[in-house]
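Listed below are the residues making up each chain.
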Amino acid sequence: MSHPVSRGERWLSLLSAGGQRLSGLCPSVQVVDGSLAGQQARFIAVVPDADNHYPRAARGEVGLLEGWTLAKVVNEAVAADAGRAEKRIIVAVIDVPSQAYGRREEAFGIHQALAGAAGAYAKARLAGHPVIGLIVGKAMSGAFLAHGYQANQLIAFNDPDVMIHAMGKESAARITLRSVEALEKLAATVPPMAYDIGNYQTLGLLDTLLDIQQPDQPTAADGQQVIDTLIAAVSQARAGDRSLRHRLRGANRRSSALVRERMRADW
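Residues numbered from 1 in each chain as written. Predicted model: local features only at pLDDT ≥ 70, side-chain atom pairs only at ≥ 80, totals over all residues. Heavy atoms only, no water.

1. So, the overall build of the protein
On a plain count of helices and strands, the protein comes out with ten helices and seven strands. Relative to its full complement of 267 residues, the protein shows a buried share of 49%. Sequence separation of 24 or more characterises 71% of the internal contacts of the protein that already satisfy a separation of 6 or more. Accessible area of the protein: about 12,900 Å², with a carbon and sulfur share of 53%. (Helix = DSSP H or I, 4+ residues; strand = E, 2+ residues; numbered from the N terminus. Buried < 20%, exposed > 50% of the residue type's maximum accessible area, 1.4 Å probe, protein only. Contact = heavy atoms within 4.5 Å. Areas by Shrake-Rupley, 256 points an atom, 1.4 Å probe, with all protein chains shown as cover.)

Structural data, given as structure tokens:
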């Protein structure tokens, strides 16, 4: 059974100029080795797979197979470039609705699979690879933590279908014993609880917010705008330090920065 083409898969094809997918991987993790401004680049996306061995991961969720496969393809890039002065670019194209929830996933160690993926991205960043996260759709829960959150630079589309959060509205409403309407009202005054991308940007985690005319059917101008933004992000990643300290500079991160400052002073 063929899977529907997701926004993430569509942008993977556009950015990699329709390059050939790496073989031997699970169908839900698609990887293309290409170039960006003449520099080697590895483009990675998690996509829906209706025939996924684990049904909980059939709609683009990041589960056991996806976590370990992400770790594999990122670690392979790090190992291959270990002796090179200029490390290849790694672009995580992000459109992931959730981590995969299920008894089998929990029993077989989904926490380890996702930690393996997150660790691989962090290892790549610290080794000098410019790791860029391009959020074209949803970036939810542990899926985002495993695929893209460890990037040097995070770029997101300014679009209603782009959502970055720990959980969906319905789940958050159940957990907090509120209605969805009450949750939305509260989120209007508490930025970390908000679901719109504008509020998320105030947390300091996004480096760039892009206005794209047609995110689902990108025009040539849309594609060029994203490529230009990726190239600029790569330059920043190569020139800056390899930590994520810059994420504490957001308007709503002053308290986070102060806590860290006082902890360093005490310890």
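Let's pick the thread back up.
2. What to know about the side chain of Thr69
With respect to the helices and strands, Thr69 occurs in helix H2 (residues 64–80). With a relative accessible area of 11%, Thr69 lands in the buried category. Discounting residues that sit within four places of it in the chain, Thr69 has contacts with Leu25, Cys26 and Val29.

3. Concerning helix H9 (residues 220–239)
If you check H9, its first and last C-alpha atoms are 29 Å apart, about what 20 residues at 1.5 Å a residue would give, namely 28 Å. Those residues of H9 not exposed but buried are Asp222, Gly223, Val226, Thr229, Leu230, Ala233, Val234 and Ala237. Along the axis of H9, the buried residues cluster in a sector spanning 145 degrees; they form a single face. Facing away from the buried side of H9 by more than 90 degrees, the exposed set consists of Ala220, Ala221 and Ala239. (Expected span 1.5 Å × (residues − 1). Arc of directions from axis to C-beta.)

4. Brief notes about the nonpolar core
Among the nonpolar cores identified, the biggest contains 68 residues, and Ile44, Ile135, Phe157 and Val226 are the most heavily contacted of them. With near-sequence residues (within four places) excluded, Val226 lies in contact with Trp11, Leu15, Leu134, Phe157, Leu210 and Ile212. One finds Met140, Met163, Leu183 and Tyr195 within the second-largest nonpolar core, a separate group that totals six residues. (Core = buried A, V, L, I, M, F, W, Y, C linked by side-chain atoms within 4.5 Å.)

5. A closer look at the pattern of salt bridges
Within this structure, the stated rule accounts for ten salt bridges. In this structure, Glu61 and Arg59 form a salt bridge, with 3.5 Å as the shortest nitrogen-oxygen distance. When its relative accessible area of 65% is taken as the criterion, Arg59 is described as exposed. In this structure, Asp81 and Arg84 form a salt bridge, with 2.8 Å as the shortest nitrogen-oxygen distance. With relative accessibility at 38%, the residue Arg84 sits in the partly exposed group. Residues joined in a network through salt bridges with shared partners are Asp33, Arg42, Asp81, Arg84 and Arg88. (Salt bridge = Lys/Arg side-chain N within 4 Å of Asp/Glu carboxyl O.)

6. As for the packing of helix H1 (residues 7–15) against H9
Across the interface, H1 lies against H9 with an axial gap of 11 Å and an inter-helix angle of 75 degrees. Judged by the inter-axis angle, H1 sits roughly perpendicular to H9. Across from Trp11, Leu14 and Leu15 in H1, the residues of H9 making contact are Asp222, Gly223, Val226, Ile227 and Leu230. Here the residues of the contact of H1 with H9 sort into six nonpolar, one polar and one charged. (Axes fitted to C-alpha atoms, helices over the stretch in contact; angles between N-to-C directions. Parallel < 35°, antiparallel > 145°, perpendicular 65-115°, else oblique. Nonpolar A, V, L, I, M, F, W, Y, C, P; charged D, E, K, R; others polar.)

7. As for the packing of H2 against helix H4 (residues 110–126)
With their axes 8 Å apart at the nearest point, H2 and H4 run at an angle of 25 degrees to one another. By the criterion of interaxial angle, the relationship of H2 to H4 is roughly parallel. Our pair here, H2 against H4, has a crossing hand that is left-handed. Each of Leu64, Gly67, Trp68, Leu70, Ala71, Val74, Asn75 and Val78 in H2 lies in contact with H4, whose residues at this interface are Ile110, Gln112, Ala113, Leu114, Gly116, Ala117, Ala120, Tyr121, Lys123 and Ala124. (Left-handed = near helix turned anticlockwise from the far one by under 90°.)

8. What about a nonpolar patch on the surface?
A surface patch of nonpolar side chains, about 390 Å² in accessible area, is lined by Val259, Met263 and Trp267. Relative to the assigned elements, Trp267 resides in the segment after helix H10 (254–266). (Patch = residues over 30% accessible without salt bridge, like charges linked within 9 Å, V, L, I, M, F, W, Y side chains within 5 Å.)

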